[in-house]
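# Observations on the model geometry
Listed here are the chains, written in short residue letters.
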Amino acid sequence: MRLRKPRGHWGANPGIAWICAHASAQWSGPDPILGVLGTGHAAGFQFAHFLASQPSPEWSVANAMISRYGEPGGDPTEYLTFPSNLPHLFGELGSAVAVSQTLASLQDRLVLCIIGDGECETPATIAAFVHRNELNKLGEQRLLIAVNCNGHRMGGKTSMSHSRLRNLLSGLGYRVFTSDTQADEAAEAAAQALRSASENQPTIWLSVTEKGWPAPESLAETSFTGHAAHKITSIIQSQAAVEAFDAFSMSTQRQANISGLPDPERVELASKISFAVQEIASAPAVNPLVRDSVSNALRSPMAAIDRELDRAGVMVFSPDEANSNHLKSVVRNNAIVEVLAEEVLFCWTIGAIAAGRSSAFVTYEAFAPLVGSQLAQYSKLVNAQHFSNRPPLVLICTSLAWANCPTHQNTDIWDIALNRSPTACTVCCPIGATSAAQRLSSALQRRDGSATVFFITKYPLPDLYDPGGSVFIYRHPDASSARHLIIACGDVCFIEAVAAAQLAAERGVVIDILAIAEPSILPVRSLKSTVSGYNTLLGSVMCAPRTLASTLFTACDTLFDVLGVSEAHAATPYDSLKASGVDRYSLLRKIAGISVPSAGEVIGPSLVPDFILQEDWRVISLVTEGKPT
């Protein structure tokens, strides 16, 4: 069949195939090796390897996917849906080693992580090499890291030669085995490396080849082997080159028609490595937290989160700030791993949940954007894979934006999380301590692998009643209706809004508070009908006011002012709120024109138990699509 053009990304796949073939040939364990690919554009190899490992491949599915490969409206050039139940596959280069480390610590299988020498330049990979021993509390690591040393990263040559890489890894305490393109040498290196990794020794196998090897050195008098990117359409233009490329069987047919049964020996060899996590009986979630009575006492939402993490047996990964983040219970019970490397910790969390262990990544909101790209890429994998037996990915951010200096304020993680598909990633903003514990308990029940990003305050706040659902309204008990509505998102902003409403009620003005607990899944129909009954609307949000403003404008179908905590310096938490205009006095003046002299209190202690009595407030849950949210 004539091809319009050669398509695909040759990339590192030949080197990966070389590593897998020799590792499979030398493996005699009872269970298949669990493979994790961390090189760029490696999904095509996983797709081909999966088909090669099946005695009776689903050719109809494969042929359909191949015919759509890279076509407008068809499958992308990374097969994220096939095979299923992958532990890791996304474009965040450098993540695979850390994901593999927790997989190896928590699963009774040998793990083969394949990366390139280009990935070895990334901070996440180097940090994972360094911090390996921090996972000893989880179990022994039967992990072999194979490095495809082809001398190139994405667009140029690597900074580290294989000899320099060998010296670095040897200095970090790894057993390093090296081979080149000689089959007997590669077989010996694979055998020794597998034996070493099976003995729980830190092991690296450097497979030294050329970029694109074993492709021909040239095609139609055009240099091919060693090209940095191997994007064929950009380097081969002539018809002769297309025909030569087609003859070498490296291009993808537009209308594929693969059929028949593969060679049994090849199937047996390929089946010794699996890139899909075996379906395991994930530890059952602890029974959901029973909603207890809400106390009027001041309680720390983050302290409540800590107790729930401990109660549910969650493993916590946190960058060196456990005490500051009030993680006393998990620290006391040694259920936490701490290193100052956010990207590595986040990937350890991903590996842990892929192994079936409930885990959470806890950090300052200020530093959470460091893992934003990984969160975005992981969300794509969740959307494509449709996990059915994987614990959720829990990311807990302790918000400092309202009480710290500019260097410790960074709200960008809100934008990243809110712009993901809600089926893969949601944002949760509880209103107090009991609210935080209940919503975390609910999130931990899921087994779809989806991510939930919590924003939690460390400091004591009034512990008000949370009825559940994504949105609900607080209304003063003496009022039958209100003309003013404050839409609040984030525990501190919610408490300040309720305080403003209390002050207004004392002066004969009724203000309702609409709490947004889950801004990712707003009930649009209910919101539109609800806000239409108010004369004045005002938004007050903890973070990302621009992003949330556009979300609220769309959901409410109207425009109004949305205030948010800005990255500004202030001496006290209250002054930070005041500088952003989201303290109770500023809100009251903005929405109702009422000026009340500010006493300048710190936010928590100013709300004494007799100031806001939760049983006095009417709590109204909004309804969407005929069902409670």
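That block above? That's the structure.
The paragraphs below set out a description of the structure included in this document. Please read these numbers as outputs of a predicted model, since none were measured by experiment.

A separate point is the environment of Arg475. Locating Arg475 in the fold gives a position in strand 17 (residues 471-475). The buried category is assigned to Arg475, whose relative accessible area is 12%. For the pair Arg475 and Arg618, spaced 143 residues apart in sequence, the C-alpha separation works out to 5.1 Å. Within the structure, the side chain of Arg475 is placed 2.6 Å from the side chain of Asp512, a separation counted as a polar contact. Looking at Arg475, its side chain comes within polar contact range of the side chain of Tyr534, at 3.5 Å.

Turning our eyes to something else, we now look at the packing of helix 18 (residues 524-531) against helix 19 (residues 545-556). Closest axis-to-axis distance for the helix 18/helix 19 pair is 7 Å, and the angle between their directions is 80°. By the angle between their directions, the pair helix 18 and helix 19 is classed as roughly perpendicular. Two secondary-structure elements touch here, helix 18 through Val524, Leu527, Lys528 and Val531 and helix 19 through Thr554, Ala555 and Cys556. Residues belonging to the contact of helix 18 with helix 19 are distributed by class as follows: five nonpolar, one polar and one charged.

The subject of this paragraph is the sheet that holds strand 5 (residues 203-208). One open sheet accounts for six strands, arranged 4-5-3-2-1-8; its pairing is parallel. Among the strands making up the open sheet, the edge pair consists of strand 4 (175-179) and strand 8 (273-274). Pairing of strand 1 (residues 33-37) with strand 2 (residues 111-116), which is carried by four bridges, proceeds in the parallel orientation. By the bridge assignment for strand 2, Gly35 is matched with Leu112. Helix 6 (residues 162-171) contacts strand 3 (143-149), strand 4 and strand 5 of the sheet and is inclined by roughly 175° relative to strand 5. Here helix 7 (residues 183-198) sits on the sheet in contact with strand 1, strand 3, strand 4 and strand 5, set at roughly 165° to strand 4.

This paragraph deals with the side chain of Ser95. For Ser95, the location among the structural elements is in the loop between helix 3 (59-68) and helix 4 (96-106). Side-chain polar atoms of Ser95 contact the side chain of Gln374, separated by 3.4 Å.

Core analysis: the biggest nonpolar cluster contains 150 residues, and Trp414, Phe494 and Ile513 have the highest contact counts within it. If sequence neighbours within four positions are ignored, Ile513 has contacts with Phe472, Ile473, Tyr474, Leu485, Ile486, Ala488, Phe494, Ala497, Val498 and Ala501.

Within the structure shown, the criterion is met by 11 salt bridges. Salt-bridge contacts for Arg142 lead to Asp108; the nearest nitrogen and oxygen are separated by 3.9 Å. With Arg142 in the loop between helix 5 (123-130) and strand 3 and Asp108 in the loop between helix 4 and strand 2, this residue pair connects regions lying 34 residues apart in the sequence. For Arg142, a relative accessible area of 21% corresponds to the partly exposed category. Between Glu518 and Arg439 there is a salt bridge whose closest N-O contact spans 3.0 Å.

Criteria and thresholds
Residues numbered from 1 in each chain as written. Predicted model: local features only at pLDDT ≥ 70, side-chain atom pairs only at ≥ 80, totals over all residues. Heavy atoms only, no water. Helix = DSSP H or I, 4+ residues; strand = E, 2+ residues; numbered from the N terminus. Buried < 20%, exposed > 50% of the residue type's maximum accessible area, 1.4 Å probe, protein only. Polar contact = N/O pair within 3.5 Å; in protein donor to acceptor, adjacent residues only side chain to side chain. Axes fitted to C-alpha atoms, helices over the stretch in contact; angles between N-to-C directions. Parallel < 35°, antiparallel > 145°, perpendicular 65-115°, else oblique. Contact = heavy atoms within 4.5 Å. Nonpolar A, V, L, I, M, F, W, Y, C, P; charged D, E, K, R; others polar. Pairing = 2+ DSSP bridges. Core = buried A, V, L, I, M, F, W, Y, C linked by side-chain atoms within 4.5 Å. Salt bridge = Lys/Arg side-chain N within 4 Å of Asp/Glu carboxyl O.

It is worth stressing that arrangement in space is one thing and function is another; only the former is reported here.
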